[in-house]
Amino acid sequence: MDGRQAHWQPDSPPPVDDLRDTAGPWLWRLWVVVPLMVLLGTALVQWLAIHASQQTVITQLSAQQADETEMLARMMGSKLEQSQKVLGALAETAAPWVQGPASQAPPLLDQGVAATRYFDSLVFARGTQVFRRHVRDAGDGDDAVEPTERDLLRRVMVDGKPLVSEPFRSASGGPSIALGIPLRDRQGTVRGAMAGVLRLQSQSLLPVSLATTPPNSGQLVLMTAGGVLISHPDPARILGTTEDDRLLAQVLQRWQERSVSGGAQPAQSWWLAPHLVSVAQMPAARWLVVRVMPHEQSLQSWGRQWRSWWWLLLMPLALAALTWLWLWTHSRRFKQLVAQTPLPLAPAPVLAFASGPVQAADPASGPPPDEIDRMGMHLQELGQQRESLAEQLRQQQQLSESVLAHARFSFLLLQGDQIQQVSQALAHLLGYSRQDLQGQPVRMLAMADQDFDEAWTQLAPDLERLGSAETSVVLRHQSGAPVTVSLHLVNIADAGPDLRWCFVRAGQARVAALSPSRMDKLTLLPNYEALLLHLTALLQARREGLDQSSPSAPVLFYVNVDNMSAINALAGHAQGDLVLQHVARQLQLLQPFQGYAARVAGDKFALVLRQCSPEKAHELAAQLCDTLQNWQPQLRSKHFVVTVSIGLLQMDATFADALQVVRAADMASYSAKRQGGNRACWREAKVA
């Protein structure tokens, strides 16, 4: 090789019979991997759908089981309340007993009250006297009173209100509870107590279903808040505790954690694999009804539903088969494109794009390139061409920027009526920066719209016929002063639509912007007349919507030196002029922010900032006040402190003319002076 870079050479398309040989291992991998990914993706989506359906079914079953458990708890609580009402009626009948002799027995059984047969036995207490009256079983006496019953009667007489005892195993066998109620005399004083004893399975206090639960409805368990089992499918567990059952102990712990805040708690359901557990509280005795549903029984309906959708399992296989068929069909066209792709002179493996010239290789050194290698070598050549074009474009942009920045002649590049590029010389001639003019309408440079329209009408015939034209026009300086120039427009037909060069040559009227009649001789700033012209031009531009370089309206600083009369009286007018010149220099330092400084009259100055937000204007005003206050000049051996009062005003299209703008800013400066000076005040209200 002679060191030159290899280029693409056109190859003749291979015959149709050889298309089968162009399919390399990449296509075979594609035919395997893509259908497999479709198969796995579809299977994953179906698994997620099944899982979501299962969770939905569990949520619905939990809510349904919680409602059923709470309804059962309320029914049992109502039966317990009914028993308390029966006992209250018996207490009213037995109340005279506490006022009679101590040896007198309660008259309930002697009177043959039918309500007494609701209970298994009745226990009475009066002072230290405690005895039982059996209703269903024979026998009575103090010895037959259980310790739990005795303790209940004692608490009823102390508290003076009805109570329900904890479940206990009575002497007659089986779990029982005692309902206690106080006995009062005619004055309402508690003189004794009575209790009605009920076996838990008697009088239908507990449903029979609690003891014998159908196999397909799970287990029903009744227990106290302390963990004592009242009813259980296993009779041997009754009156036992939940410590021997891990599931019930876990359920009780969760319920106690939720009941820490106090108050009645609604029924709850928890998924404690492999069981669905629901808990509800009886309102009267604060007992807990627990229903335990095994996992297999809770999901039987869901399982039957999904067994009817077995055909959905065939969907991943069908999609994978369709994907493979689609790939096989489109790979034929891909093989034809790869076969027709020309190879470079030196085929080389292109697993990574290497920079530099492509070196020649011996054809016998390795296998011929497959379809990926062919496409990779083609992309490498295209990448090298793109880098070469990008470098050329960068060099051209640098060259154009250098011409625009350093060319001594003034010109514009226009597309329609928009300024695309502008030279630094023209921007300096008109008092702008290049960034101010780029992208703006060329009409903003015209002194008057009528002159612009007349000049364009004059140029249009020659531009259409000859491709170039020349005329004179008056442009507007950034300060508002007129600038007479000569324009030479040239169409650029091959570069794009409506593109044209505009070459500008300044005339004698440029001196008008710096005319001695509009300059202040002491500070070398524009005078009041020049300021009014500048404000008039800005108002017209804002009113016509031509000045869009700044998102906010221009800001006018109206600066009034506070103690200028005292300086002139004590140090003399010559020293006072030095102070005015120093204030003027400080204002000129703010002009890099597109400012226009002028001396209005005497000790009053103005500064217009066209590209300045209200926040930045307030910051610059405070900076100017601090700078002048810290100056403290020594005039005729005396030290003076120079302060200023600044009026700030945002100029918008609501002002009629420049005089209204100046008067409004002057009023704002006097507001600052009345507040003690050395500050800035905004003029918010518009001048009518």
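Attention in this report is confined to the structure presented alongside it. (Residues numbered from 1 in each chain as written. Predicted model: local features only at pLDDT ≥ 70, side-chain atom pairs only at ≥ 80, totals over all residues. Heavy atoms only, no water.)

1. Some details on the overall build of the chain
Then step 1. Within the chain one finds 16 helices and 23 strands.
Then step 2. For the chain, the residues scored as buried account for 43% of the 688 residues in total.
Then step 3. Within the chain, contacts between residues at least 6 apart in sequence are counted, and of these 59% link residues at least 24 apart.
Then step 4. Approximately 37,000 Å² of the chain is accessible, and the part contributed by carbon and sulfur atoms is 56%. (Helix = DSSP H or I, 4+ residues; strand = E, 2+ residues; numbered from the N terminus. Buried < 20%, exposed > 50% of the residue type's maximum accessible area, 1.4 Å probe, protein only. Contact = heavy atoms within 4.5 Å. Areas by Shrake-Rupley, 256 points an atom, 1.4 Å probe, with all protein chains shown as cover.)

2. Some remarks on the sheet that holds strand E10 (residues 275-281)
Then step 1. Read across the sheet, five strands follow the order E8-E7-E11-E10-E9 without closing on themselves; strand pairing throughout is antiparallel. Every interior strand has two partners, whereas the edge strands, strand E8 (229-231) and strand E9 (268-272), have only one. Going from strand to strand, the sheet's axes swing by 30° on average, the running direction of each strand aside.
Then step 2. Inspection of the sheet shows strand E7 (residues 219-223) paired to strand E11 (residues 288-294) by five bridges, in the antiparallel sense. If you follow Val221 over to E11, its bridge partner there is Val290.
Then step 3. Across the sheet, helix H4 (residues 246-258) is in contact with E7, E8, E9, E10 and E11; its angle to E9 comes to roughly 135°. (Pairing = 2+ DSSP bridges. Axes fitted to C-alpha atoms, helices over the stretch in contact; angles between N-to-C directions.)

3. Description of the pattern of salt bridges
Oppositely charged side chains can pair when the atoms bearing their charge come close.
Then step 1. Throughout the structure, instances matching the rule amount to 14 salt bridges.
Then step 2. Across the pair Asp185 and Arg191 runs a salt bridge, and its minimum N-O distance is 2.9 Å.
Then step 3. Judged by relative accessible area, which is 11%, Asp185 ranks as buried.
Then step 4. Owing to a relative accessible area of 45%, Arg191 belongs among the partly exposed residues under this scheme. (Salt bridge = Lys/Arg side-chain N within 4 Å of Asp/Glu carboxyl O.)

4. Observations regarding helix H15 (residues 614-629)
Then step 1. When the terminal C-alpha atoms of H15 are compared, their 23 Å separation across 16 residues agrees well with the 22 Å that a helix rising 1.5 Å per residue should span.
Then step 2. By the burial criterion, the buried members of H15 are Ala617, Leu620, Ala621, Leu624, Cys625 and Leu628. On an axial view of H15, the arc spanned by its buried residues comes to 140°, and they lie on one face.
Then step 3. Against the buried residues of H15 lie strand E17 (555-561), helix H14 (573-588), strand E19 (604-609), strand E22 (644-650) and strand E23 (679-682). (Expected span 1.5 Å × (residues − 1). Arc of directions from axis to C-beta.)

5. Digging into the nonpolar core
Then step 1. Membership of the largest hydrophobic core comes to 34 residues, with the highest contact counts inside it found for Phe119, Met194, Met282 and Trp287.
Then step 2. Elements with a contribution of two residues or more to this core: helix H1 (25-94), strand E1 (121-126), strand E5 (175-184), strand E6 (190-199) and E7.
Then step 3. In terms of residue count, the dominant contributor to this core is H1 (ten residues).
Then step 4. Among all residues touching Met282, those that are not within four sequence positions of it are Ala73, Met76, Gly77, Leu80, Leu222, Trp287 and Val289.
Then step 5. Formed by 32 residues, the second largest nonpolar core is a distinct cluster that contains Ala571, Leu620, Ala621 and Leu635. (Core = buried A, V, L, I, M, F, W, Y, C linked by side-chain atoms within 4.5 Å.)

6. Examining the sheet that holds E23
Then step 1. In spatial order, the strands read E18-E19-E17-E22-E23; together these five strands make up an open sheet with mixed pairing. The two strands at the open ends of the sheet, each matched to only one other strand, are strand E18 (595-601) and E23. This sheet shows a mean twist of 20° between the axes of neighbouring strands, independent of strand direction.
Then step 2. Judged from the four bridges that link them, E22 and E23 form a sheet pairing that is parallel.

7. Considerations on empty space enclosed by the protein
Then step 1. Applying the stated criterion across every chain, the model contains two cavities of 30 Å³ or more.
Then step 2. Taken as a whole, the largest cavity holds about 190 Å³ of empty space.
Then step 3. As for the largest cavity, its lining consists of 17 residues, of which Val442, Phe452, Leu475, Leu487 and Cys502 are closest to the centre.
Then step 4. Of all elements in the fold, only strand E12 (410-415), helix H11 (449-465), strand E14 (468-476), strand E15 (482-491) and strand E16 (499-506) reach the threshold of two or more residues within the lining of the largest cavity.
Then step 5. No other element matches H11, which puts four residues into the lining of the largest cavity. (1 Å grid on protein atoms, 1.4 Å probe; cavity = no way out; pocket = protein on both sides within 12 Å on 5 of 7 lines; lining within 4 Å. Points joined across faces, edges and corners; volume = space filled by probe spheres on them.)

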